[in-house]
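A structural walkthrough
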Amino acid sequence: EAHQALRDLVRAREAGKKDFLRARNRLQKFLLRHGRRPPKKTTAWTINYWAWLKTVVFAQSAQEATLLDYVNEVHHQSDRVARLDRSIDDAVQTAPGKMRAVIDALQTLRGVAKVTAVTIVAEVGELSRFERPCQLMAYSGAVPSEHSNGGPGKARRGAITKTGNAHLRRVVVEAAWAYRHKPGVYGKLKKRQESQREEIKTIAWKAQLRLCARYRRLTAKGKENQKVVTAVARELLGFIWAVGVEAERHVA
């Protein structure tokens, strides 16, 4: 029941994040339709951007009302996501010990912060239920499809199947983008690794070395970025499996 409840909460947070991004997109599109653009070198959604937004005025009261509604919706959705993030923190604190151990261990991997780690555990459950990492890859739907006419040597691989868990696949693909940078342990990642055992940190470091090299190798071959990241995400699932199984074994 605790696992199912956490899954519901994580999916509510995912829906809130989508609504938040849609609200920001609507506001930006409204401003662009009327030729309202921020000053040069002003990054969207920064303090300077919001300060500029307060200076935007329209001659028609209806448009002023529209702008106010869009701005309020962005704030509303932002507060909603923040509230759900706090609820996830509380839920993790009261989760079973083995679940908390896996969530903490997964955060030693680059690109896997708390929300991503919680999503993986909520969607998969115990990672040790998969005997091999390739089974987890297939569960996510991140494996390539295969077309064959039955003849020898006639098999041809195509796009990923997408027949698995879409929530798991989404967060892992997002995490895979972090491996386009050179290997390193610093900042928030270093802090997340402080309390973890050496066995877990060793797996995380191997993941960085292998996946960063794979990203560069595929990019050098001229592969499209999205295809490269999908391939990296598929291998990242293997390291997620290894970290999760190691953490579960230690708690057990």
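Figured I'd write up the structure that's included with this text. (Residues numbered from 1 in each chain as written. Predicted model: local features only at pLDDT ≥ 70, side-chain atom pairs only at ≥ 80, totals over all residues. Heavy atoms only, no water.)

**Thoughts on the packing of helix H6 (residues 133–140) against helix H10 (residues 225–251)**
Helices that pack against each other are described as a pair by the angle of their axes relative to one another and the distance between those axes. Relative to each other, H6 and H10 sit at 125°, their axes nearing to 8 Å. For the element pair H6 / H10, the angle class is oblique. H6 and H10 meet at a crossing whose hand is right-handed. Packed against H6, whose contacting residues are Pro133, Leu136, Met137 and Ser140, the element H10 presents Arg234, Glu235, Leu237, Gly238, Ile240 and Trp241 at the interface. Tallied by class, residues from the contact of H6 with H10 come to six nonpolar, two polar and two charged. (Axes fitted to C-alpha atoms, helices over the stretch in contact; angles between N-to-C directions. Helix = DSSP H or I, 4+ residues; strand = E, 2+ residues; numbered from the N terminus. Parallel < 35°, antiparallel > 145°, perpendicular 65-115°, else oblique. Left-handed = near helix turned anticlockwise from the far one by under 90°. Contact = heavy atoms within 4.5 Å. Nonpolar A, V, L, I, M, F, W, Y, C, P; charged D, E, K, R; others polar.)

**Some words on the packing of helix H9 (residues 198–220) against H10**
The interhelical angle for the contact between H9 and H10, taken along N-to-C directions, is 170°, at an axis separation of 10 Å. In terms of orientation, H9 lies roughly antiparallel with respect to H10. Two packed elements cross with a definite hand, and for H9 against H10 that hand is right-handed. Packed against H9, whose contacting residues are Glu199, Ile200, Ile203, Lys206, Ala207, Arg210, Leu211, Arg214, Tyr215, Leu218 and Thr219, the element H10 presents Asn225, Val228, Val229, Ala231, Val232, Glu235, Leu236, Phe239, Ala242, Val243, Glu246 and Ala247 at the interface. Each residue belonging to the contact of H9 with H10 can be placed in one class, and the counts come to 15 nonpolar, two polar and six charged.

**Considering unusual backbone geometry**
Notably, Lys41 is not glycine yet its phi reads approximately 65°, a positive angle. Along the chain, Lys41 falls in the loop between helix H1 (2–33) and helix H2 (47–53). Exposure remark for Lys41: the relative accessible area of 87% places this residue in the exposed category. Phi angles above zero are rare outside glycine, and Trp45 is one such case at about 70°. For Trp45, the position within the fold is in the loop between H1 and H2. (Buried < 20%, exposed > 50% of the residue type's maximum accessible area, 1.4 Å probe, protein only.)

**Let's talk about the side chain of Glu248**
With respect to the secondary-structure elements, Glu248 resides in helix H10. Buried and without a salt bridge, Glu248 has Lys98 as its closest oppositely charged side chain, separated by 5.5 Å. Only 2.8 Å separates the side chain of Glu248 from the backbone nitrogen of Leu127, close enough to count as a polar contact. Not counting the four nearest positions on each side in its chain, Glu248 is found in contact with Lys98, Val102, Gly125, Glu126, Leu127 and Ser128. (Lys, Arg positive; Asp, Glu negative; His and termini not counted. Salt bridge = Lys/Arg side-chain N within 4 Å of Asp/Glu carboxyl O. Polar contact = N/O pair within 3.5 Å; in protein donor to acceptor, adjacent residues only side chain to side chain.)

**Focus: the layout of surface pockets**
Roughly 320 Å³ of volume is contained in the second largest pocket. The wall of the second largest pocket is formed by 16 residues, among which Arg13, Val115, Thr116, Arg170 and Glu174 lie closest to the centre. Looking at the lining of the second largest pocket, the elements with two or more residues in it are H1, helix H5 (114–124) and helix H7 (166–176). Here the lining of the second largest pocket takes six residues from H1, the largest share from any one element. In terms of residue class, the lining of the second largest pocket is built from six nonpolar, three polar and seven charged. (1 Å grid on protein atoms, 1.4 Å probe; cavity = no way out; pocket = protein on both sides within 12 Å on 5 of 7 lines; lining within 4 Å. Points joined across faces, edges and corners; volume = space filled by probe spheres on them.)

**Here we look at the packing of aromatic side chains**
Following the criterion strictly, the structure yields seven aromatic pairs and no others. Ring centres of Phe30 and Tyr70 lie 5.5 Å apart, and the angle between their planes is 65°; on these two criteria the pair is classed as edge-to-face. Of the two residues, Phe30 is situated in helix H1 and Tyr70 in helix H3 (residues 61–93); the sequence distance between them amounts to 40 residues. On the basis of relative accessibility, which here comes to 21%, the residue Tyr70 falls in the partly exposed class. Between Phe130 and Tyr139, the ring centres sit 5.5 Å apart and the planes meet at 55°, which makes this aromatic pair tilted. Owing to a relative accessible area of 8%, Phe130 belongs among the buried residues under this scheme. The class of Tyr139 is partly exposed, set by a relative accessible area of 27%. Positioned above the aromatic ring of Tyr139, the side-chain terminus of Arg129 is 5.3 Å from the ring centre. (Phe/Tyr/Trp six-rings, centres within 6.5 Å; stacked < 30°, edge-to-face > 60°. Lys NZ or Arg CZ within 6 Å of the ring centre and 35° of its normal.)

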